[in-house]
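Listed below, chain by chain, are the residues.
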Amino acid sequence: MKVPGFGLSDKALRTREQPISYLMAAAVGNPDLISLAAGLVDYESLPIEVSHSLSGQILQDAKAGRIALQYGTTPGLKQLREALLAHLCKMEECEAADLGLTADNCVVTAGSQQALYIISDLLVNPGDIVITSAPTYFVYTGTLSSLGAEVLTVPMDDSGMRTDLLEELLEDLERTGRLDRVKIIYEVSYYQNPSGLSLSTERREHMVRLARRFSKHHRILVIDDAAYRELRYDGPTWPGIKRFDPENRFTATCMTFSKPFAAGYKTGYAFLPDDLVDPFLQQKGNHDFGSCNFAQHLIHRALNDGTYQTHVEKVRAAYRLKRDAMVDALAECMGDLRDEVSWTRPSGGLYVWLTLPECIDTGRDQWLFGRCLEKGVLYVPGAYCYASDPAPINRIRLSYGVVDPTSIREGVRRLAAAVREALQHDPATGRGGAARSQPTA
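Keep in mind that what you see is a predicted model, and the values were worked out from it rather than measured. (Residues numbered from 1 in each chain as written. Predicted model: local features only at pLDDT ≥ 70, side-chain atom pairs only at ≥ 80, totals over all residues. Heavy atoms only, no water.)

## Re the packing of helix H13 (residues 307–334) against helix H15 (residues 405–423)
Next, step 1: At a closest axis distance of 9 Å, the pairing of H13 and H15 adopts a crossing angle of 30 degrees. Taken as axis vectors, H13 and H15 run roughly parallel relative to one another. Judged by the twist between their axes, the crossing of H13 over H15 is right-handed. Together, Lys-322, Ala-325, Met-326, Ala-329, Leu-330, Cys-333 and Met-334 of H13 and Pro-405, Ile-408, Arg-409, Val-412, Arg-413, Leu-415, Ala-416, Val-419 and Arg-420 of H15 make up the contact between the two elements.
Next, step 2: When grouped by side-chain class, the residues that make up the contact of H13 with H15 number 12 nonpolar, no polar and 4 charged. (Axes fitted to C-alpha atoms, helices over the stretch in contact; angles between N-to-C directions. Helix = DSSP H or I, 4+ residues; strand = E, 2+ residues; numbered from the N terminus. Parallel < 35°, antiparallel > 145°, perpendicular 65-115°, else oblique. Left-handed = near helix turned anticlockwise from the far one by under 90°. Contact = heavy atoms within 4.5 Å. Nonpolar A, V, L, I, M, F, W, Y, C, P; charged D, E, K, R; others polar.)

Have a look at this one:
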């Protein structure tokens, strides 16, 4: 008798493999491959000495060590949450009251991804609507797919999501009787994954005003994914989206220590409206009833003694060199193609967004991707970063997070060589010549 398979839940059946899983596996499987794909963090600047010192301080004190090695609480270490509120206020150059926050609005999470998941799980039923920019962070849209959300997108430009078009979309949803299904507006507001671009101050304020204006059936929540906020290298600064929500009713801010400190601590945090805190904690209690307690004690010490701030400056310096290496290499290797090829120059974060001629399909099953693998370089196909069809086929996300500057330059050189070949490639015959005259919309 044949043994039947498990009866997976609807949610499990809606969940698909994240594209990054394949890309990471490809990088691990070929040690000679230069991966400009995965947004991993810089190995050389990981805080080994800092972690050794701080963990030693904790463990040399028997009482402190036992407390840190015991279970913590679901909201997170109180002293850490107080320090995180002070940290946010320092970045915003304001008092906690100006943000409508206390430490009780802060929840420590297993990375910011857990915060995004739980918030969305609290608010979204199958068929509900979440609005994102196009392009956007594809891991989060995978979460939304598993929850059964309908993801609607708003184009972005150099100043982030086009909030004028967001307003038009919300007006259309109201006119067609679907406004009651809108639950979340989501934006990576600083040095966006994947584009490297940031949301302008005017649009941050406009986004909150729109959430307030269209909250007619229930409150619409703006999720400010500020994971890259502290990775600023140059250029302007922006207030957080929560700065425009002084009553703390329409925004949730999600941040992390994975990018500016150490991904291995797997520690993030979120600032939530008052009436989302208890539902969030109830759900988190079902997940893990508290994030890693030892990591929280260590991070609290790093924030208090200035070690964290010193390390962030080190990380910024390392990434600034890598950012410069990538944009300089693109200019050197593709500068003569600037009429056909363009890329962003981020002032922070880990990503450069590359746009190729429309005749080139950058998809994983297409000629360019395969040719790049043959040449030993890996990228993220841009189509992964669009939550709705049709997605542009000619975009690429490049990351300079984990690769050293010399390898970044070599990886860009290999990519540029493949792009030049693709411009002469005829996919029907495998020979050059036809691609330029057959653009794809």
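## Structural notes on a nonpolar patch on the surface
Next, step 1: A surface patch of nonpolar side chains, amounting to about 390 Å² of accessible area, comprises Phe-6, Leu-8 and Leu-13.
Next, step 2: For Leu-13, the position within the fold is in helix H1 (residues 10–14).
Next, step 3: Note on Leu-13: relative accessible area 46%, which makes it partly exposed. (Patch = residues over 30% accessible without salt bridge, like charges linked within 9 Å, V, L, I, M, F, W, Y side chains within 5 Å. Areas by Shrake-Rupley, 256 points an atom, 1.4 Å probe, with all protein chains shown as cover. Salt bridge = Lys/Arg side-chain N within 4 Å of Asp/Glu carboxyl O. Buried < 20%, exposed > 50% of the residue type's maximum accessible area, 1.4 Å probe, protein only.)

## Notes on the pairing of strand S7 (residues 221–225)
Next, step 1: Across the 5 residues of S7, 5 count as buried, placing the element largely inside the fold.
Next, step 2: Going residue by residue along S7, you find Leu-221, Ile-223 and Asp-225 tucked away on one face and Val-222 and Asp-224 tucked away on the opposite face as well.
Next, step 3: Examined bridge by bridge, strand S6 (residues 182–188) and S7 share 5 bridges and lie parallel to one another. Across the sheet, residue Ile-184 finds its bridge partner in S7, namely Leu-221.
Next, step 4: The pairing of S7 with strand S8 (residues 251–256) spans 4 bridges and is classified as parallel. (Pairing = 2+ DSSP bridges.)

## Brief notes about the sheet that holds strand S11 (residues 351–355)
Next, step 1: Spatially, S10-S11-S14-S13 is the arrangement adopted by the 4 strands of the open sheet, whose pairing is antiparallel. Each of the sheet's edge strands pairs with one partner strand only, and the pair in question is strand S10 (342–343) and strand S13 (380–381).
Next, step 2: Here S11 pairs with strand S14 (residues 395–399) via 5 bridges, running antiparallel. Bridging from a neighbouring strand, Trp-353 pairs with Arg-397 of S14.

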